[in-house]
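As a plain string of letters, each chain reads:
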Amino acid sequence: MMTPGLACFYGGLVESKNFLNQFFLSIVCMAIIPVQWCLFGYSFTFGSGNSVFGSFNNGVLRSFGLNNFYGENPDPTKALTIPSLTFVAYQCAFAIITVALISGAVVGRMKLIPYMIFVFLWSTLCYDPLARWIFSNQGWLNQMGTIDFAGGMVVHFASGISGLTVATILGPRSDFDPDALKTGQTHLPFTVLGTGMLWVGWMGFNGGSALAANGIASLAIVNTNVAAASSIVIWIILDIICGKAAGQSLGVVSIPGTCSAVVVGLVVITPAAGYVQPGYALLMGLIGGFIVYLFLLGKNRFFHVDDSLDVFTCHGVGGLIGSLLTGLFCQTD
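Residues numbered from 1 in each chain as written. Predicted model: local features only at pLDDT ≥ 70, side-chain atom pairs only at ≥ 80, totals over all residues. Heavy atoms only, no water.

## Quick notes on the overall build of the chain
Put simply, the rule is: The numbering of helices and of strands both runs from the N terminus, where a helix is a DSSP run of H or I of at least 4 residues and a strand a run of E of at least 2. The classification of residues rests on relative accessible area computed with a 1.4 Å probe and restricted to protein chains. Under 20% of the type maximum is buried, over 50% is exposed, and intermediate values are partly exposed. Note on definitions: a residue-residue contact is assigned when non-hydrogen atoms from the two residues lie within 4.5 Å.
Each helix and strand counted, the chain has 12 helices and 0 strands in total. Sorting the 333 residues of the chain into buried and exposed places 53% on the buried side. Considering only contacts within the chain whose residues lie at least 6 apart along the sequence, 76% involve residues at least 24 apart.

## Here we look at the packing of aromatic side chains
We count it as follows: Whether two aromatic rings pair depends on their centres lying within 6.5 Å, for rings of Phe, Tyr and Trp, where Trp uses its six-membered ring; planes under 30 degrees apart make the pair stacked, over 60 edge-to-face, and the rest tilted.
The final tally for this structure, using the stated rule, is 21 aromatic pairs. Aromatic side chains Phe-94 and Phe-205 sit 4.3 Å apart centroid to centroid with 10 degrees between the ring planes, which places their arrangement in the stacked category. One end of the pair, Phe-94, is in helix α4 (residues 84-102); the other, Phe-205, is in helix α8 (residues 188-207), with 111 residues separating them in the sequence. In terms of burial, Phe-94 and Phe-205 fall into one category: buried. Of the aromatic side chains, those joined through ring pairs into one cluster are Trp-37, Tyr-42, Phe-46, Phe-87 and Tyr-127.

## Quick look at the packing of α4 against helix α7 (residues 152-170)
For clarity, the threshold we go by: Each axis is a line fitted through C-alpha atoms, taken for helices only over the stretch in contact, and angles between the N-to-C directions span 0 to 180 degrees. Roughly parallel covers angles under 35 degrees, roughly antiparallel covers those over 145, roughly perpendicular covers 65 to 115, and oblique covers all other angles. Here a crossing is taken to be left-handed if its near helix is turned anticlockwise relative to the far helix by less than a right angle, and right-handed if that turn runs clockwise. The residue classification treats Ala, Val, Leu, Ile, Met, Phe, Trp, Tyr, Cys and Pro as nonpolar and Asp, Glu, Lys and Arg as charged. All others, Gly included, are polar.
The contact between α4 and α7 brings their axes to 8 Å, and the two run at 30 degrees. By the angle between their directions, the pair α4 and α7 is classed as roughly parallel. Both α4 and α7 take part in a crossing whose hand is right-handed. In contact with Phe-94, Thr-98, Leu-101 and Ile-102 of α4, α7 contributes Val-154, Val-155, His-156, Ser-159, Ser-162, Gly-163 and Val-166. For the contact of α4 with α7, the per-class residue count stands at 6 nonpolar, 5 polar and no charged.

## A few points about the packing of α7 against helix α12 (residues 311-329)
As a packed pair, α7 and α12 sit with axes 7 Å apart at the nearest point and diverge in direction by 145 degrees. In the packing of α7 onto α12, the handedness of the crossing is left-handed. Packed against α7, whose contacting residues are Gly-152, Met-153, His-156, Phe-157, Ser-159, Gly-160, Ile-161 and Leu-164, the element α12 presents Val-311, Phe-312, His-315, Gly-316, Gly-319, Leu-320 and Ser-323 at the interface. By residue class, the composition of the contact of α7 with α12 is 7 nonpolar, 8 polar and no charged.

In structure tokens:
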């Protein structure tokens, strides 16, 4: 649900000439990544191996009747919370949307075939190792105590940094003007629809990371909604304040900005969703929305990389803020 939601979200923010192409850049990930994940992606990430790399031992998802969630310690007598293959499918959805996020940084600058090759290689060389280091019990960062409930570093920080990198390598669009307002946004209803789909899907994204229907899952879902809502509130307040500072009698509240605020709040709470109380989730949404809003103002003025849909700002900066705040507010109980 989240990847088609992302397609709608991104598609509504681009000019009409790029709408269908941008829409498809997200959808095509739903074809490439499940194939890669089945062949060797899951085995590289959660299969047997060392603290840095996995192996081909669970290639094409063989021998899964005896494996637990993370592919290690076969134990046919131990009851599992969910079937192993359910976890495989769930983690595949993470892998799909992570690389799809990057497409928002390269609007109008990548042909389909090179993009498809990039999706396959990036997932293999970047996503799979990073997910192993943090998500797998065998990963070296996991063993050092790194906590990331649902992908603040693995999904959002990684895709944000990669979006900035690929946008820098490709260079700006031929008609890119960092000082001009975005024009041609004729499909904003798609963005609003996509925002709603992402928000609902995110409850599965975060709540599902508890790997059970329990109190931690409930906590993660409540925190997800609270952080998104508080991020919207601070974003609207800042829109009004900045609008009045610019001489407008009533501050103008931006629809694309408000939709981005939802995503920022969701991104910031993702690494902490099951580790903090709702009051801290509210505070994290406020902090994340405030910092990202100010960062966007500075970016538009000083940072002239053509990151078309602010992937680095919303996901890279937001993921970093959320990961740091997770260490500040998490509680062992």
